[in-house]
Amino acid sequence: MGYQSIRFALPKGRFLSSTAQFLEKSGLTFSGYDAKTRRYCLESSVFSNLVAKVFQEKDIPVQVAMGNYDFGICGLDWIEELQTRYPASALISVANLGYGNGSICVAASKRLGLSRIDDLPGGCSYRIVSEYPNLAESMALAFRLGEFRIIPVWGAAEVYPPENADLAVLWHEEQEELSFHGLTPLAELFPVMACLIANKESLESKDLSQILGCLSQQFVARGDIFWVTRDFPRRDRSTIGSISTDWQMKKVKLALPDGHQHKPAAQLLERVGLSFHGYSTGGASRRPRSDLDWLGVKVIRPQDMPLQVANGNFDLAITGEDWLKEHLSRFPSSPVEKLLGLGFGGVRIVVAISQDAPVDNVDALRTLVQGGKIAPIRVASEYVNLADKYLRDNRITPYKLVPTWGASEAFLPDDADLLIDNTETGKTLERHRLKVIDVLFHSSACLVGNKDSIAIPEKKEKIDFFLTSFHSVGFQ
Amino acid sequence: MQDVLPEDMLRFRHVADVFRESCQRWGYHEVRTPTLEYLHLFTSTGTLAPSMLRRVYSFLDWDGWSGERVVLKPDGTIPIARLYIDNFRDREVARLFYVTNIFAFEGTGREKRERWQYGAEFLGGAQFTSDVEVVLLAREVIYQLGLGEVELKLSHAGLVKALVREFGLSFEEEAKVLNCIREGDWSILKNMKGSAPWVDSLLTGFLDLQGGSSNFLQNIKAISRDASADFKSALDNFISITSSLDILGCDYSIDIKAISGFEYYTGVCFHFLSGENRVGGGGRYDDLIPLMGGSEVPACGFALYADPIMELLPWKEGESAEKVLVKGKDLSEETVSRSFSLARLLRDAGYMVELGFDECKEAGYRWFVSVFDVDSFSIMDCERQQTLQVNSEEEILAAIRG
C-alpha cells in the first residue's frame, strides 16, 4: 500500500486567518480553510493523502496527543495547559511558527496597588480565576503562592477580580485591554505564539517528511517560558491589604449571561421591568449598572454560573437548566437550586450517533457496545458529568469520554462514536449525518439561586422582591 | 499499580512489627493520618518544593465547588505536624510513629506511584539529645532487621544555610542557591566570589571530605572564628550531636553536602545508605509547625523506606509456621463436619490449619491428616515420612504434639 493518510488539526478563531496564510506560504493550502467556512473536514489542494479538520484551539493538543491527528497548529497556551498537568502526553512541540499574538499573564486588580508578582505576600489564600486551570495551578506552585484555590471558567476571567478572585491567569493582546477591565499585569508568563505540534508515535514511525519539509522553512526559535526558568523563594507570612469595593456593599449579586443568551435575557429583564445599563440595550459591558442600589451585576459565561453561585460569588444567576444539571451531577450536595423557569433558549440534550450506525435506541447501543463491536465507545460531550452519568446509568460500558469545548458534532465519526450535546432544531446534526437515539431532557433558561443566601434574612427580602417582579409578569 | 503478594506482605509486616516494637520501647505512640488531605496543607507551608508539588495527585472533592482541592498524601511528616497542631496542647512533647503510604505522580508509568514508609517524629524536643534519640532509634530498627552494611551520613541544614548567608546574597539569590544545593549542585556556591577567606578554605578544603568523628567539626570550628553567630551556633549544635554519637559508639560519616531533598529541615539531617540506595532519612524541622500556623514547637524525626528495605531484608523462602492439612476424603455431611471440627481443635491448639476436600496438592505441609468417617483418621508426618492410624481427635493432637 505505502499510502498512509496524514491528518492535520487546524484552529478556529484567533489564529484561523494567520494559520491559513502560513499554510499558503508553506505551499500546503487547504481549500475552504477560511473564516467563512462552515465545513469542518478539509482536503489538501496539494497532497492527496493529507486531510484536515477544524477544531476549537483548546481541543487540538488533546486530539494530537490521543493520536487522532498527526499534526496540529495551536497557541502555546493550550499546549502548556495540557503538558503542565500531563507531562507524559504523547505530544511533541515541533516548532514555533513565528506568528501569534498576545501573551499569558497573571493579573490583579489595579486597586491592590501591586506591580510585580514578587509583591504578593505569603500567608494569604489566593483565589485564582482562569480558563487555564492547569497553568494557573503550575503558576501558583512556581511562584509559591502558598494557599490558593483555582476557579476554572469557560471564559470572561477578566471580570472576576477583585471581588470574585484575587488573581487572573489570562490571555490578552494589548496591555490596554487589561487596563480597560481594571487589571494590572503582575507577570507576563509567555508570549502566545502559534506552534506546530505532532503526535509522538507519528513522528517516530510515520513518513511525514514531505509535510515537514514544506513547513520547516518557516520555523523560528522557541522562547523561554518565564516561570520555569526562575527559582522563587518561599514567601514571608504577611497579609494582602483588603480593598473595600462597591461590590461588597451590594446585598444581592446577580450574574447575567453573555453570548447567545444575552439578547433574550436582556429582553426578558426589560419585560419584567428591570433595566441594566450596558446590558439591556445590547451593550456589552461586563459590569452593567442596575437602578436598584442593592444589586451588584456582572456578565459571565452561563457555563460558569452554577459553580459561581455555589461558591457564593453570586446569589442569583440566569443560566441554562443544562448547565445547572451538569453542575449538580458533579456536586450533588451543591447549594444551587432552580428558582424560576424563564422559558427562552429552549434546547434538547440528546444522544446522537452516525446515521450509518445500526442502532436506533439506547438498548441497541448497549448491545452493540457490550458485544465488543465498538468498545470502548468514544463519547464527545461538552457536558462531561451529565454524559458520564448517562453512560453509567444506562450501562453503556466500556466508554471513553472526549471532553469538548463546543462544536462536538465535528468529532463524529472519526474522533468519537457518540455525541451527547444540545440541539435546538436538529439541523446541525442532520448536516453532519447524525441521528438522535435518545433525549436526556429539555432545557431552557432559568434563574438559579444559592439556598444558603436565601436563608439570610436581608438577602431573602431582596431576592423575594426580585422574584416578585418575575411572578408579576406570569413566571412561576 | 503495584500488587503486594503474600510473600512480600509477610516481609512488609515483619518490618512493620520490628519497627513498631522498637518505637514502642522508646515510648513512641502509633498514629494514622488520612490518605486524603487538603492541598493547601502542603502548599501553604511552602515546605514541599514546587518540583514535588507538581507531582501530587490532586483533585476536587465532592464539595469542591469552592475550588478546594484534596490530595493523596504526598509526604508523611507534614500531616503529622498538622495532627499535632490539631490534637495536642501547646508545646506538649509528643513522640509519634506511623506506617503510611505516600503518593507521587510519575510520568513514565514505570515507577511506583505509591510507596510505603515507616516514620517516627519527636515533636517538642528542642535539645540535641532529641536528634541523637531519633538517629539511634532509626539505627536500632535497621540493626534489628539485619539489613547488613548500612551507612549513616550526617549533614546539617542550619549550618549550610548559615554558610550560604555568609555570601550576603539577596533573598531571591539565596533561595536559588539553596534550591541548587538541595538538588545536589554545589558548583554554584563554589564558583561564587566575594566571601571571607575562611569560607573559601571551608569550601575548597572541607566540603568534599567525609568526616569520621566530631573532631572533623572541631577542625572546621578552628578555621571559622570569624563566622556569623548563626553559623557558630549551628556548628556547636552539630558538634554536640556528633560527640554524643561518638561516645555511644555509633558509626557515621559527616558529609556536609548530603542535605538533598526536603526544604523543611533546619538542623541536623541524616541518611541511611546501603551502597547507593537510601533506606531512610530524617532530620530536624523546627520551622514546620510554626509555618503551618502552630506555635513555636521544635521537632525532628525520620522515615525508613519500605521498598529498599524489603530488597535488603534477609529472608528464607517459605519460612513460616508448621502447617497442617486436614483433608476430608469425601463430601458427606459427616466427613465435612468432622473435618471442620478437627481443624478448629488444632487451630485452638495453636497450629496453622488448612482444609481440603478435593484433589489438592499435598506439598508444603508438615502434617497431613486424612478424615475418613467417624473415628477413623490417618496422620502423615511429612518430615519424618511416617504414617499413623488413630481413632480420636485427642490422639491426633497428641501425635502432632509429639
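A brief look at the structure comes next. (Residues numbered from 1 in each chain as written. Chains lettered and ligands numbered in written order. Predicted model: local features only at pLDDT ≥ 70, side-chain atom pairs only at ≥ 80, totals over all residues. Heavy atoms only, no water.)

Digging into the overall build of chain A
Each helix and strand counted, chain A has 16 helices and 21 strands in total. Expected size for 476 residues packed as a compact globule is a radius of gyration near 23 Å; at 24 Å, chain A falls within 12% of this value. With respect to the three principal axes, the spread of C-alpha positions in chain A is 75 × 55 × 40 Å. Expressed as a percentage of the 476 residues in chain A, the buried residues total 55%. For chain A, long-range pairs separated by at least 24 residues make up 74% of all intrachain contacts whose partners lie at least 6 apart in sequence. For chain A, the computed accessible surface area is about 20100 Å², with 49% contributed by carbon and sulfur atoms. Here chain A contributes 52 positively and 57 negatively charged side chains, and the mean placements of these two sets differ by 3 Å. (Helix = DSSP H or I, 4+ residues; strand = E, 2+ residues; numbered from the N terminus. Rg over C-alpha atoms; globule rule 2.2 N^0.38 Å. Buried < 20%, exposed > 50% of the residue type's maximum accessible area, 1.4 Å probe, protein only. Contact = heavy atoms within 4.5 Å. Areas by Shrake-Rupley, 256 points an atom, 1.4 Å probe, with all protein chains shown as cover. Lys, Arg positive; Asp, Glu negative; His and termini not counted. Charge placed at Lys NZ, Arg CZ, Asp CG, Glu CD.)

Regarding the overall build of chain B
What chain B contains, in helices and strands, is 15 helices and 16 strands. At 28 Å, chain B has a C-alpha radius of gyration far larger than the 21 Å of a compact globule built from 402 residues. The dimensions of chain B, computed from C-alpha atoms along their principal axes, are 95 × 55 × 45 Å. Each of the 402 residues in chain B was classed as buried or not, and the buried ones make up 50%. If the 42 positive side-chain charges of chain B are averaged to one point and the 62 negative ones to another, these points end up 3 Å apart.

Quick notes on the packing of helix H3 (residues 76–83) of chain A against helix H4 (residues 133–142) of chain A
Residue and element names in this part refer to chain A. Interaxial distance between H3 and H4 falls to 7 Å at its minimum, and their mutual angle equals 70 degrees. When the axis of H3 is compared with that of H4, the two are roughly perpendicular. In contact with Asp77, Glu80 and Glu81 of H3, H4 contributes Pro133, Asn134 and Leu135. Of the residues that constitute the contact of H3 with H4, the class distribution is two nonpolar, one polar and three charged. (Axes fitted to C-alpha atoms, helices over the stretch in contact; angles between N-to-C directions. Parallel < 35°, antiparallel > 145°, perpendicular 65-115°, else oblique. Nonpolar A, V, L, I, M, F, W, Y, C, P; charged D, E, K, R; others polar.)

Examining the sheet that holds strand E10 (residues 252–257) of chain A
All names here are of chain A. Read from one edge to the other, the open sheet built from five strands follows the order E13-E10-E14-E21-E15, with strand pairing classed as mixed. The open sheet has two free edges, formed respectively by strand E13 (295–300) and strand E15 (336–341), since each of these has just one partner strand. Direction aside, neighbouring strands of the sheet carry axes that sit 30 degrees apart on average. Note: E10 against E13, six bridges, orientation parallel. (Pairing = 2+ DSSP bridges.)

Focus: the nonpolar core
Phe8, Ile73 and Ile128 of chain A together with Phe19, Leu189 and Phe231 of chain B are the most contacted members of the largest nonpolar core, which has 174 residues in total. The biggest single contributor to this core is strand E9 (residues 183–199) of chain A, with 10 residues. Setting aside anything within four residues of it in sequence, one finds phenylalanine 19 of chain B in contact with Phe97, Tyr98, Val99, Tyr118, Gly119, Ala120, Val141, Phe302 and Leu304 of chain B. (Core = buried A, V, L, I, M, F, W, Y, C linked by side-chain atoms within 4.5 Å.)

Considerations on the interface of chain A and chain B
Taken together, the 32 residues of chain A in the interface contact 31 residues of chain B. A combined buried area of about 2800 Å² lies between chain A and chain B, and 54% of that area is made up of carbon and sulfur atoms. Taken together, chain A and chain B are joined by one salt bridge. Here chain A and chain B share two residue pairs in polar contact (both at pLDDT 80 or more) between them. For the side of chain A that touches chain B, the per-class residue count stands at 14 nonpolar, six polar and 12 charged. (Buried area = accessible area lost by both parts, 1.4 Å probe. Salt bridge = Lys/Arg side-chain N within 4 Å of Asp/Glu carboxyl O. Polar contact = N/O pair within 3.5 Å; in protein donor to acceptor, adjacent residues only side chain to side chain.)

A word on helix H1 (residues 16–25) of chain A
Residue and element names in this part refer to chain A. Residues of H1 that are buried: Leu16, Thr19, Ala20, Phe22 and Leu23. Within H1, the buried residues cover an arc of 160 degrees as seen down the axis, which keeps them to one side. Opposite the buried face of H1, by more than 90 degrees, sit the exposed residues Gln21, Glu24 and Lys25. The elements touched by buried residues of H1 are strand E1 (6–11), strand E4 (71–75), strand E5 (91–109) and helix H7 (209–216). Two residues or fewer after H1 comes glycine 27, characterised by a positive phi angle close to 75 degrees. (Arc of directions from axis to C-beta.)

Regarding the packing of aromatic side chains
Enumeration according to the criterion identifies 28 aromatic pairs over all chains in this entry. Arranged with centres 6.3 Å apart and planes meeting at 80 degrees, the rings of phenylalanine 15 of chain A and tyrosine 99 of chain A form a pair that is edge-to-face. Residue phenylalanine 15 of chain A is located in the loop between E1 and H1, and its partner tyrosine 99 of chain A is located in strand E5; the two are separated by 84 residues in the primary sequence. Residue phenylalanine 15 of chain A shares its accessibility class with tyrosine 99 of chain A, and that shared class is buried. Between phenylalanine 12 of chain B and tyrosine 118 of chain B the ring centres are 5.6 Å apart and the planes differ by 35 degrees, which places this aromatic pair in the tilted class. Separated by 106 residues along the polypeptide, phenylalanine 12 of chain B in helix H1 (residues 6–25) and tyrosine 118 of chain B in strand E6 (residues 114–123) bring together distant segments of the chain. (Phe/Tyr/Trp six-rings, centres within 6.5 Å; stacked < 30°, edge-to-face > 60°.)

Section: a negative patch on the surface
Judged by side-chain charge, Glu173, Glu174, Glu176 and Glu177 of chain A come together as a negatively charged surface patch. Assignment of secondary structure puts glutamate 177 of chain A in helix H5 (residues 175–180). (Patch = residues over 30% accessible without salt bridge, like charges linked within 9 Å, V, L, I, M, F, W, Y side chains within 5 Å.)

Side note on the sheet that holds strand E8 (residues 253–254) of chain B
All names here are of chain B. Taken together, the eight strands give an open sheet; going across it, the order is E1-E5-E6-E11-E10-E9-E7-E8, and neighbouring strands pair in mixed fashion. Looking at strand neighbours, the two that pair on one side only are strand E1 (29–30) and E8, the edges of this open sheet. When strand E9 (residues 268–274) meets strand E10 (residues 277–284), the two strands line up antiparallel, connected through six bridges. Across the sheet, the residue bridging to histidine 271 is glycine 281, located in E10. Contacts from helix H4 (residues 77–87) reach strand E5 (94–103) and E6 within the one sheet, and its direction differs from that of E5 by about 135 degrees.

So, the pattern of salt bridges
One pass over the structure, following the stated rule, counts 48 salt bridges over all chains. Aspartate 464 of chain A is the partner of lysine 460 of chain A in a salt bridge, and the nearest nitrogen-oxygen pair spans 2.8 Å. In this pair, lysine 460 of chain A and aspartate 464 of chain A both sit in helix H16 (residues 457–472), four residues apart, roughly one turn of the helix. Its relative accessible area of 31% is what places aspartate 464 of chain A among the partly exposed residues. A salt bridge links lysine 323 of chain B to glutamate 354 of chain B; its shortest N-O distance comes to 3.2 Å. Highlighted residues: lysine 323 of chain B in strand E12 (residues 323–328) and glutamate 354 of chain B in strand E13 (residues 352–356), separated in sequence by 31 residues.

Topic: the environment of aspartate 304 of chain A
Residue and element names in this part refer to chain A. Mapping aspartate 304 onto the fold places it in the loop between E13 and helix H10 (305–310). Through-space distance from the C-alpha of aspartate 304 to that of valine 46 is 43 Å; in sequence the pair is 258 residues apart. Not counting chain neighbours up to four residues away, the residues in contact with aspartate 304 comprise Pro152, Val153, Trp154, Gly155 and Tyr160. A polar contact of 3.5 Å, which involves the side chain of aspartate 304, links it to the backbone nitrogen of glycine 155.

Function cannot be read off these values alone, since they describe shape.
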